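Below are the chains, spelled out letter by letter.
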Amino acid sequence: MTRLRAARRPSIWFEIVLIAVSYAVYSLIRNAVPEQRAQALDNADWIWRAEQFLGIAVEDSVNRAVNSVTWLILTMNYYYATLHFVVTIAVLVWLYRRHPGRYAATRLVIFATTGIALLGYYLFPLAPPRLMRGESFIDTVQVHQTVGSMASGNLADMSNQYAAMPSMHIGWSVWCGITIAALATPLWVRLLGVLYPVGTLIVIVCTANHFWLDAVGGVICLGFGFALSYGWYGKLSYRLPRHIKAPGPAAGTHRTDAVAGQSAAP
C-alpha cells in the first residue's frame, strides 16, 4: 500500500489515454442518465423556492440584465462553452510538467470530484433555470445562437440537459483556481487563479445555466475529491514534494561492488 501511495513520475502517454478515456466514460454515463424531464422540472421549482426562502433568488434579474448587453452575454456564452475544458486541460498539463510529484494526487481530486458528480445526475435530475416552466429566464444560447455550445442545435440532443446539479463548471474551476493559487509563483498568475472560479460563477448564473445552489453542490463534490486524495496520500496534494526523487542504489550494492573488487585484486 505504501508503494501504491508513493508519488511516481507519470507516463505522458498513459496520462493522455487515461484523461481521454475518463472523459469519454464520464460523458457517456452523464448523457446516458435518463432525462427525467418532469422530475427535473419539479426539482428546479423546489430549488427556486428554496433560494427564495434563503433570499438569494436573484438569478432571473441578473440573467435579464446581462442579456441586454449583447457583446457581454456573447462573451459569457463562449466562456461557458470553452474555458471549462481549455483551462482544466491547461492546468493538468502545467501540473504534469512543473509539479510531477504533486500531479497524481491533484489529478485524483478532480477525477473523484467528477465521479461523485455522476451520482448527483442520477439521484437528483435538475433542469437549469433557462428550461424552467413559468419563469422569465432567458436562454441566452438560443437567443444569441452561440456556436459550439452543448445547449444549442444538434449538440443539445447529444447532451443531457437535465444534469445541472452539481455544477462541474464550478467544481472544475474551483479546482483549477485552488491549484493555481497554491502552486504558481507569480502573484498575477495566482490572482488569476482566484478570479477564474469567481468569473465562472458569474457566467453560469448570467447565462441561466445554473442556480446558485448548483455551485454549492459542485464545491461539496470537490471537497469529497480533496478528502479522498488526502486519505490516500496522507497529505494535501499541494504539500507533497514538487519533484520525484530518483530511486537510490539498491540495498547491498556497495557491498557487492566491494566484494567484486577484492576478488579481482591480484
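To start, this report covers the structure provided alongside it. The model shown is predicted, which means the values in this text are computed figures rather than measured ones.

For the coordinates displayed, the defined rule picks out 7 aromatic pairs. Aromatic side chains tryptophan 46 and phenylalanine 124 sit 6.5 Å apart centroid to centroid with 75 degrees between the ring planes, which places their arrangement in the edge-to-face category. With tryptophan 46 in helix H3 (residues 37-54) and phenylalanine 124 in the loop between helix H6 (100-123) and helix H7 (140-144), this pair connects stretches of sequence that are 78 residues apart. Between tyrosine 96 and tyrosine 103, the aromatic rings sit 5.6 Å apart at their centres with planes inclined by 85 degrees, giving edge-to-face as the arrangement.

Tracing the sequence through the fold places alanine 44 in helix H3. Sequence separation between alanine 44 and arginine 133 is 89 residues, and the spatial gap between their C-alpha atoms is 9.1 Å. Other than its neighbours up to four places away in sequence, alanine 44 contacts Leu126, Ala127, Met132 and Phe211.

This part takes up the nonpolar core. Core analysis: the biggest nonpolar cluster contains 37 residues, and Val91, Tyr121, Met168 and Trp175 have the highest contact counts within it. Elements represented by at least two residues in this core include exactly helix H5 (70-98), H6, helix H8 (168-183), helix H9 (187-206) and helix H10 (212-233). Broken down by element, the residue count for this core peaks at 9 residues, all from H5. If we ignore the near neighbours within four places in the chain, the residues touching methionine 168 are Tyr26, His84, Thr113, Thr114, Ala117, Tyr121, Ser173, Gly218 and Cys221. Counting 15 residues, the second-largest nonpolar core is a separate cluster that includes Leu41, Ile47, Ala127 and Leu213.

Turning our attention to the pattern of salt bridges. Throughout the structure, instances matching the rule amount to 5 salt bridges. Taking the shortest distance from any N to any O, the salt bridge between arginine 107 and glutamate 15 comes out at 2.5 Å. Placement of the pair is arginine 107 in helix H6 and glutamate 15 in helix H2 (residues 12-32), with a sequence separation of 92 residues. A salt bridge links aspartate 139 to arginine 130; its shortest N-O distance comes to 3.4 Å. Judged by its relative accessible area of 15%, aspartate 139 is buried. Connected via shared salt-bridge partners are Asp42, Asp45 and Arg133.

Thresholds applied
Residues numbered from 1 in each chain as written. Predicted model: local features only at pLDDT ≥ 70, side-chain atom pairs only at ≥ 80, totals over all residues. Heavy atoms only, no water. Phe/Tyr/Trp six-rings, centres within 6.5 Å; stacked < 30°, edge-to-face > 60°. Helix = DSSP H or I, 4+ residues; strand = E, 2+ residues; numbered from the N terminus. Contact = heavy atoms within 4.5 Å. Core = buried A, V, L, I, M, F, W, Y, C linked by side-chain atoms within 4.5 Å. Buried < 20%, exposed > 50% of the residue type's maximum accessible area, 1.4 Å probe, protein only. Salt bridge = Lys/Arg side-chain N within 4 Å of Asp/Glu carboxyl O.

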